[in-house]
Amino acid sequence: MRKDSAVADERPKERPHRHRLVPQRNGPDEELMRALYREHAGPLLAYVLRLVAGDRQRAEDVVQETLIRAWKNAGQLNRATGSVRPWLVTVARRIVIDGHRSRQARPQEVDPSPLEVIPAEDEIDKALWLMTLSDALEDLTPAHREVLVETYFKGRTVNEAAETLGIPSGTVRSRVFYALRSMKLALEERGVTA
(Lines give C-alpha, C1' and ligand atoms only; values in the text may rest on other atoms or scores of the structure.)
Protein backbone atom coordinates (compact mmCIF):
# COMPACT_ATOMS: atom_id res chain seq x y z
CA MET A 1 0.00 0.00 0.00
CA ARG A 2 1.30 3.43 -0.88
CA LYS A 3 1.93 5.77 1.98
CA ASP A 4 -0.10 8.63 0.52
CA SER A 5 -3.17 6.43 -0.01
CA ALA A 6 -3.04 5.33 3.62
CA VAL A 7 -2.92 8.96 4.72
CA ALA A 8 -5.86 9.76 2.46
CA ASP A 9 -7.91 7.01 4.10
CA GLU A 10 -7.17 8.32 7.60
CA ARG A 11 -8.54 11.81 6.88
CA PRO A 12 -12.06 12.41 8.13
CA LYS A 13 -14.70 12.13 5.45
CA GLU A 14 -15.98 15.43 4.15
CA ARG A 15 -19.59 16.18 4.63
CA PRO A 16 -21.32 16.98 1.35
CA HIS A 17 -21.25 20.70 0.61
CA ARG A 18 -24.63 22.15 -0.19
CA HIS A 19 -23.77 22.91 -3.81
CA ARG A 20 -21.39 20.04 -4.61
CA LEU A 21 -22.40 16.58 -5.62
CA VAL A 22 -20.77 14.07 -3.30
CA PRO A 23 -22.63 10.76 -3.37
CA GLN A 24 -23.08 8.85 -0.12
CA ARG A 25 -21.64 5.37 0.41
CA ASN A 26 -25.05 3.65 0.55
CA GLY A 27 -26.53 3.78 -2.94
CA PRO A 28 -24.44 6.52 -4.57
CA ASP A 29 -26.60 6.70 -7.67
CA GLU A 30 -29.80 7.10 -5.70
CA GLU A 31 -28.32 9.60 -3.25
CA LEU A 32 -26.77 11.61 -6.06
CA MET A 33 -30.07 11.89 -7.91
CA ARG A 34 -31.90 12.79 -4.70
CA ALA A 35 -29.34 15.51 -3.91
CA LEU A 36 -29.52 16.88 -7.44
CA TYR A 37 -33.28 16.95 -7.42
CA ARG A 38 -33.67 18.32 -3.91
CA GLU A 39 -31.21 21.18 -4.34
CA HIS A 40 -31.60 22.16 -7.96
CA ALA A 41 -34.84 20.92 -9.57
CA GLY A 42 -37.11 23.72 -8.28
CA PRO A 43 -34.96 26.69 -9.33
CA LEU A 44 -34.02 24.94 -12.56
CA LEU A 45 -37.69 24.33 -13.42
CA ALA A 46 -38.51 28.00 -12.80
CA TYR A 47 -35.65 29.03 -15.09
CA VAL A 48 -36.61 26.58 -17.86
CA LEU A 49 -40.30 27.57 -17.69
CA ARG A 50 -39.27 31.07 -18.76
CA LEU A 51 -37.22 29.65 -21.63
CA VAL A 52 -40.09 27.52 -22.97
CA ALA A 53 -42.77 30.20 -22.59
CA GLY A 54 -44.55 28.46 -19.70
CA ASP A 55 -44.89 25.01 -21.33
CA ARG A 56 -44.71 23.01 -18.08
CA GLN A 57 -44.52 19.56 -19.67
CA ARG A 58 -41.64 20.60 -21.91
CA ALA A 59 -39.90 22.33 -18.99
CA GLU A 60 -40.17 19.22 -16.83
CA ASP A 61 -38.71 17.12 -19.66
CA VAL A 62 -35.79 19.54 -19.98
CA VAL A 63 -35.13 19.49 -16.21
CA GLN A 64 -35.24 15.70 -16.20
CA GLU A 65 -32.79 15.49 -19.10
CA THR A 66 -30.52 18.04 -17.42
CA LEU A 67 -30.44 16.10 -14.15
CA ILE A 68 -29.75 12.85 -16.01
CA ARG A 69 -26.83 14.48 -17.79
CA ALA A 70 -25.54 15.77 -14.46
CA TRP A 71 -25.80 12.27 -13.03
CA LYS A 72 -23.90 10.85 -16.01
CA ASN A 73 -21.17 13.48 -15.53
CA ALA A 74 -21.05 13.25 -11.72
CA GLY A 75 -17.31 12.56 -11.71
CA GLN A 76 -16.62 15.79 -13.57
CA LEU A 77 -18.95 17.78 -11.36
CA ASN A 78 -17.43 16.47 -8.13
CA ARG A 79 -13.99 17.67 -9.22
CA ALA A 80 -15.34 21.13 -9.95
CA THR A 81 -15.20 23.74 -7.24
CA GLY A 82 -18.22 25.78 -6.26
CA SER A 83 -21.82 25.30 -7.26
CA VAL A 84 -23.03 22.97 -9.99
CA ARG A 85 -26.03 25.16 -10.68
CA PRO A 86 -24.33 27.26 -13.40
CA TRP A 87 -23.44 24.02 -15.17
CA LEU A 88 -27.05 22.81 -14.85
CA VAL A 89 -28.42 26.11 -16.16
CA THR A 90 -26.08 26.00 -19.15
CA VAL A 91 -27.02 22.42 -19.97
CA ALA A 92 -30.74 23.17 -19.63
CA ARG A 93 -30.44 26.22 -21.90
CA ARG A 94 -28.59 24.15 -24.50
CA ILE A 95 -31.24 21.42 -24.37
CA VAL A 96 -33.95 24.01 -24.97
CA ILE A 97 -31.99 25.54 -27.86
CA ASP A 98 -31.31 22.12 -29.39
CA GLY A 99 -35.00 21.20 -29.11
CA HIS A 100 -36.01 24.45 -30.78
CA ARG A 101 -33.51 23.96 -33.61
CA SER A 102 -34.57 20.36 -34.20
CA ARG A 103 -38.24 21.37 -34.42
CA GLN A 104 -37.32 24.11 -36.90
CA ALA A 105 -35.24 21.75 -39.03
CA ARG A 106 -37.80 18.95 -39.24
CA PRO A 107 -40.74 19.25 -41.58
CA GLN A 108 -44.12 19.12 -39.95
CA GLU A 109 -45.21 15.50 -39.82
CA VAL A 110 -48.96 15.92 -39.47
CA ASP A 111 -51.24 18.39 -41.14
CA PRO A 112 -53.31 19.96 -38.33
CA SER A 113 -56.02 21.33 -40.62
CA PRO A 114 -58.43 18.34 -40.25
CA LEU A 115 -58.20 18.69 -36.48
CA GLU A 116 -59.29 22.32 -36.64
CA VAL A 117 -62.75 21.39 -37.94
CA ILE A 118 -63.47 19.04 -35.02
CA PRO A 119 -65.46 20.90 -32.32
CA ALA A 120 -64.01 18.78 -29.50
CA GLU A 121 -62.36 21.67 -27.72
CA ASP A 122 -65.63 23.58 -27.30
CA GLU A 123 -67.43 20.46 -26.06
CA ILE A 124 -64.67 19.72 -23.57
CA ASP A 125 -64.72 23.26 -22.25
CA LYS A 126 -68.49 23.11 -21.90
CA ALA A 127 -68.33 19.75 -20.10
CA LEU A 128 -65.65 21.03 -17.73
CA TRP A 129 -67.69 24.16 -17.01
CA LEU A 130 -70.81 22.10 -16.28
CA MET A 131 -68.85 19.78 -13.98
CA THR A 132 -67.42 22.77 -12.09
CA LEU A 133 -70.82 24.42 -11.89
CA SER A 134 -72.47 21.23 -10.65
CA ASP A 135 -69.75 20.74 -8.06
CA ALA A 136 -70.16 24.34 -6.85
CA LEU A 137 -73.94 23.90 -6.60
CA GLU A 138 -73.37 20.96 -4.24
CA ASP A 139 -71.70 23.37 -1.79
CA LEU A 140 -74.89 25.45 -1.47
CA THR A 141 -77.62 24.81 1.05
CA PRO A 142 -80.65 22.95 -0.33
CA ALA A 143 -82.82 26.09 -0.07
CA HIS A 144 -80.31 28.19 -2.03
CA ARG A 145 -79.77 25.46 -4.59
CA GLU A 146 -83.49 25.00 -5.30
CA VAL A 147 -84.15 28.74 -5.88
CA LEU A 148 -81.21 28.93 -8.29
CA VAL A 149 -82.40 25.85 -10.15
CA GLU A 150 -85.92 27.28 -10.44
CA THR A 151 -84.91 30.81 -11.48
CA TYR A 152 -81.68 30.42 -13.46
CA PHE A 153 -81.73 26.88 -14.80
CA LYS A 154 -85.46 26.43 -15.40
CA GLY A 155 -85.92 30.10 -16.38
CA ARG A 156 -88.84 30.84 -14.08
CA THR A 157 -89.66 34.29 -12.79
CA VAL A 158 -89.48 35.05 -9.08
CA ASN A 159 -93.27 34.77 -8.76
CA GLU A 160 -93.36 31.45 -10.67
CA ALA A 161 -90.52 30.05 -8.54
CA ALA A 162 -92.30 31.23 -5.36
CA GLU A 163 -95.49 29.49 -6.45
CA THR A 164 -93.64 26.27 -7.38
CA LEU A 165 -91.66 26.20 -4.13
CA GLY A 166 -94.60 27.31 -1.98
CA ILE A 167 -92.77 30.27 -0.41
CA PRO A 168 -93.27 34.06 -0.60
CA SER A 169 -91.68 35.88 -3.54
CA GLY A 170 -89.65 38.10 -1.18
CA THR A 171 -88.08 34.95 0.28
CA VAL A 172 -87.18 33.78 -3.23
CA ARG A 173 -85.52 37.14 -3.99
CA SER A 174 -83.57 37.02 -0.74
CA ARG A 175 -82.48 33.43 -1.28
CA VAL A 176 -81.45 34.13 -4.86
CA PHE A 177 -79.29 37.05 -3.68
CA TYR A 178 -77.50 34.99 -1.01
CA ALA A 179 -77.31 31.90 -3.24
CA LEU A 180 -75.58 33.89 -5.99
CA ARG A 181 -73.13 35.28 -3.45
CA SER A 182 -72.37 31.79 -2.13
CA MET A 183 -72.12 30.44 -5.67
CA LYS A 184 -69.61 33.13 -6.59
CA LEU A 185 -67.42 32.15 -3.61
CA ALA A 186 -67.73 28.44 -4.44
CA LEU A 187 -66.66 29.08 -8.04
CA GLU A 188 -63.74 31.28 -6.95
CA GLU A 189 -62.54 28.44 -4.71
CA ARG A 190 -62.43 26.27 -7.83
CA GLY A 191 -60.41 28.82 -9.77
CA VAL A 192 -63.25 30.34 -11.79
CA THR A 193 -63.16 34.12 -11.92
CA ALA A 194 -65.47 36.55 -13.66
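Residues numbered from 1 in each chain as written. Predicted model: local features only at pLDDT ≥ 70, side-chain atom pairs only at ≥ 80, totals over all residues. Heavy atoms only, no water.

Student: For a nonpolar patch on the surface, give the residues involved together with the corresponding values.
Tutor: The grouping of Ile124, Leu128 and Met131 at the surface amounts to a nonpolar patch, some 320 Å² of accessible area in total. Along the chain, the position of methionine 131 falls in helix 7 (residues 120-138). Looking at methionine 131, the relative accessible area reads 57%, which means it is exposed. (Patch = residues over 30% accessible without salt bridge, like charges linked within 9 Å, V, L, I, M, F, W, Y side chains within 5 Å. Areas by Shrake-Rupley, 256 points an atom, 1.4 Å probe, with all protein chains shown as cover. Salt bridge = Lys/Arg side-chain N within 4 Å of Asp/Glu carboxyl O. Helix = DSSP H or I, 4+ residues; strand = E, 2+ residues; numbered from the N terminus. Buried < 20%, exposed > 50% of the residue type's maximum accessible area, 1.4 Å probe, protein only.)

Student: How would you sum up the side chain of threonine 151? Please name residues and give values.
Tutor: As for its placement among the helices and strands, threonine 151 is situated in helix 8 (residues 142-153). Apart from residues no more than four positions distant in its own chain, threonine 151 is found in contact with Arg156, Ala161, Val172 and Val176. (Contact = heavy atoms within 4.5 Å.)

Student: I'd like to hear about the confidence of the model for the chain, residue by residue, with values.
Tutor: For the chain, the average pLDDT comes to 78, and 74% of its residues sit at 70 or higher. The weakest mean pLDDT in the chain belongs to helix 1 (residues 3-10) at 42; the strongest belongs to helix 9 (residues 158-165) at 94. Below pLDDT 50 for its whole length, residues 1-26 participates in 25 contacts with residues either more than four positions away or in separate chains. (pLDDT = per-residue confidence, 0-100.)

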